[in-house]
Amino acid sequence: MGYVIATANMKGGVGKTTITVNLATCLAKNHGKRVLVLDLDTQISATLSLMSPLEFAKRRKNRRTFRYLIDEVINPESNSTQTIKDIIQEQVCGLPGLNLLPGDIDLYDEFVVSEMLHKQTLAFGEQNFEIIWNRFERVLINNILKPIRDEYDFILLDCAPGYNLLTRSALAASDFYILPAKPEPLSVVGIQLLERRIGQLKDSHEHEAKIDIKMLGIVFSMSTANLLSGRYYKQVMHRVVEDFGVEKICKAQIPVDINVAKAVDSFMPAVLNAPQSAGSKAFVQLTQELLQKL
Ligand SMILES: Nc1ncnc2c1ncn2[C@@H]1O[C@H](COP(=O)(O)OP(=O)(O)OP(=O)(O)O)[C@@H](O)[C@H]1O
Ligand SMILES: [Mg+2]
């Protein structure tokens with residue numbers, strides 16, 4: 001069985017999506033792995049990093065996005081006949097082994113989820129709403145991925161910032177999580193908040209099947225090397241080392257590199273579009289390091 005790995009931080013804009021798509025590409029391109037990227041964010045940044053907006057619009061029109069897999073679970077009236085295999089786009093960016101389960105700008109309606117779970121609670125009689133909700137969270141993404149889990153060496157889940165239902169469900173379905181962070185205080189607070197939430201998530205599921213997710217590593221992204229920010233950056237890093245231990249911090253750090261940001265314009269990650277850039281080289285190193293950790 002392969003690994004399911006979530007990329008998460010409560011803080012937005014810290015490099016989660018960029019790391020996810022470049023890591024996925026390196027795993028397929030340099031290591032011959034079979035990789036699936038699942039976009040769990042309604043900003044659809046991972047989707048638009050791997051396919052053009054035109055291609056996405058066509059798929060959306062044909063109901064071939066992740067939204068329709070969620071809809072089948074939460075909406076009893078859904079008459080969708082699409083399977084996960086119909087929805088996965090193979091060989092994105094022309095790269096064998098790199099597949100995408102495209103996200104959507106609309107993924108689920110919280111009211112519909114609550115209503116469906118409330119009805120289930122009534123049907124189960126004495127069981128309380130919290131138990132039903134926790135169980136739903138635990139199985140949602142797990143069940144969706146079940147039919148294809150064995151076909152991949154890696155399934156990477158690109159989470160939205162914050163801590164919504166899909167992030168909790170992604171963490172519950174994952175073997176590991178990667179924590180991207182910028183070397184600045186609020187991004188580090190985002191790590192601490194997520195760590196606390198993951199602790200709570202594990203506690204709330206203790207009585208049922210245990211959630212056994214582990215941190216794979218903290219990846220510092222978008223660090224700049226000039227003298228002033230260098231000193232400041234070291235202070236922030238020192239704090240993270242004190243909190244989490246040096247072994248949790250990935251040695252490979254992703255520098256600020258315009259080639260990384262620009263790659264989105266060509267609908268492919270920097271490691272394909274600008275392989276010689278400093279950012280791309282850092283992603284190659286990061287991939288090797290994470291493979292060694294695993
Ligand atoms: N190494 C880098 N060098 C330059 N720009 C970068 C780098 N990494 C990411 N960016 C840019 O920074 C912005 C935020 O990155 P990204 O979307 O990966 O963060 P995120 O944590 O996924 O954000 P969100 O929380 O909104 O999902 C994007 O515009 C991206 O292109
Ligand atoms: Mg993102």
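It should be emphasised that the depicted structure is a prediction, and the values quoted were computed from it without experimental measurement. (Residues numbered from 1 in each chain as written. Chains lettered and ligands numbered in written order. Predicted model: local features only at pLDDT ≥ 70, side-chain atom pairs only at ≥ 80, totals over all residues. Heavy atoms only, no water.)

Caption draft 1: How the structure looks around the overall build of the protein. Scanning the protein from terminus to terminus reveals 13 helices and 7 strands. The globule rule puts the C-alpha radius of gyration for 294 residues at 19 Å, and the 19 Å found for the protein is close to it. C-alpha extents for the protein along the principal axes are approximately 65 × 40 × 30 Å. Expressed as a percentage of the 294 residues in the protein, the buried residues total 50%. Just so you have it, the protein exposes about 13900 Å², and 52% of that area is on carbon and sulfur atoms. The centroid of the 33 positive side-chain charges in the protein is displaced by 6 Å from the centroid of its 33 negative side-chain charges. (Helix = DSSP H or I, 4+ residues; strand = E, 2+ residues; numbered from the N terminus. Rg over C-alpha atoms; globule rule 2.2 N^0.38 Å. Buried < 20%, exposed > 50% of the residue type's maximum accessible area, 1.4 Å probe, protein only. Areas by Shrake-Rupley, 256 points an atom, 1.4 Å probe, with all protein chains shown as cover. Lys, Arg positive; Asp, Glu negative; His and termini not counted. Charge placed at Lys NZ, Arg CZ, Asp CG, Glu CD.)

Caption draft 2: Representation of helix 6 (residues 110–123) in the model. Taking 1.5 Å of rise per residue, 14 residues should cover 20 Å, and helix 6 covers 20 Å from first to last C-alpha, within 8% of that figure. What helix 6 keeps buried is the set V113, M116, L117 and T121. Down the axis of helix 6, the sector holding all buried residues measures 140 degrees, keeping them to one side. Exposed residues lying more than 90 degrees from the buried face of helix 6 are F111, K119, L122 and A123. Elements in contact with the buried residues of helix 6: helix 4 (66–74), helix 7 (129–145) and helix 8 (165–173). Where helix 6 begins, the side chain of D109 points an oxygen toward the backbone nitrogen of F111, at a separation of 2.9 Å. Note on helix 6: the residue one or two positions beyond its end, G125, has a positive phi of about 75 degrees. (Expected span 1.5 Å × (residues − 1). Arc of directions from axis to C-beta. Contact = heavy atoms within 4.5 Å. Polar contact = N/O pair within 3.5 Å; in protein donor to acceptor, adjacent residues only side chain to side chain.)

Caption draft 3: The arrangement of the site of ligand 1 in detail. Around ligand 1 there are 17 residues in total, and K16, T17, T18, P255 and D257 lie nearest to it. Between ligand 1 and G15, the relevant distance is 3.0 Å, taken from an oxygen atom to a main-chain nitrogen or oxygen of the residue. In isolation ligand 1 exposes 620 Å². Once the protein is present, 79% of that is buried. For the shell around ligand 1, the element with the most residues is helix 1 (residues 16–31), which contributes 3 residues. When its residues are assigned to classes, the shell around ligand 1 shows 8 nonpolar, 6 polar and 3 charged. (Near = heavy atom within 4 Å. Nonpolar A, V, L, I, M, F, W, Y, C, P; charged D, E, K, R; others polar.)

Caption draft 4: Quick peek at the packing of aromatic side chains. Evaluation of the coordinates by the stated rule reveals 3 aromatic pairs. Pairing Y3 with F176 gives two aromatic rings, centres 5.9 Å apart and planes at 65 degrees, and the pair type is edge-to-face. Residue Y3 is located in strand 1 (residues 3–7), and its partner F176 is located in strand 5 (residues 176–181); the two are separated by 173 residues in the primary sequence. Relative accessible area serves as the criterion here: at 17%, F176 is assigned to the buried category. Each ring, one from F129 and one from W133, has its centre 5.8 Å from the other, and the planes form 55 degrees; the classification is tilted. (Phe/Tyr/Trp six-rings, centres within 6.5 Å; stacked < 30°, edge-to-face > 60°.)

Caption draft 5: Quick peek at the side chain of T17. Residue placement: T17 occurs in helix 1. Ignoring sequence-local partners within four residues, the contact set of T17 consists of S45, A46, S49 and D158.

Caption draft 6: Representation of the sheet that holds strand 2 (residues 35–39) within the structure. Across the sheet, 7 strands lie side by side as 3-2-4-1-5-6-7; this open sheet has parallel pairing. Edge positions in the sheet fall to strand 3 (98–101) and strand 7 (254–255), since each of these pairs with one other strand and no more. Across 2 bridges, the pairing between strand 6 (residues 214–223) and strand 7 is parallel. Residue pairing across strands places S223 opposite P255, the latter belonging to strand 7. (Pairing = 2+ DSSP bridges.)

Caption draft 7: A look at unusual backbone geometry. Here the phi dihedral of R63 falls at roughly 55 degrees; this positive angle occurs in a residue that is not glycine. By secondary structure assignment, the location of R63 is in the loop between helix 3 (53–61) and helix 4. Phi is positive for Q91, close to 45 degrees, though the residue is something other than glycine. Mapped onto the elements, Q91 comes out in the loop between helix 5 (84–87) and strand 3.

Caption draft 8: Region of interest: the pairing of strand 1. Of all 5 residues in strand 1, 4 are buried, a share of seventy percent or more. Two elements, strand 1 and strand 4 (residues 154–158), share 5 bridges in a ladder whose sense is parallel. Bridge pairing in strand 4 places A6 opposite L157. Across 3 bridges, the pairing between strand 1 and strand 5 is parallel. Bridge pairing in strand 5 links I5 to F176.

What is shown is where atoms sit, not what they do.
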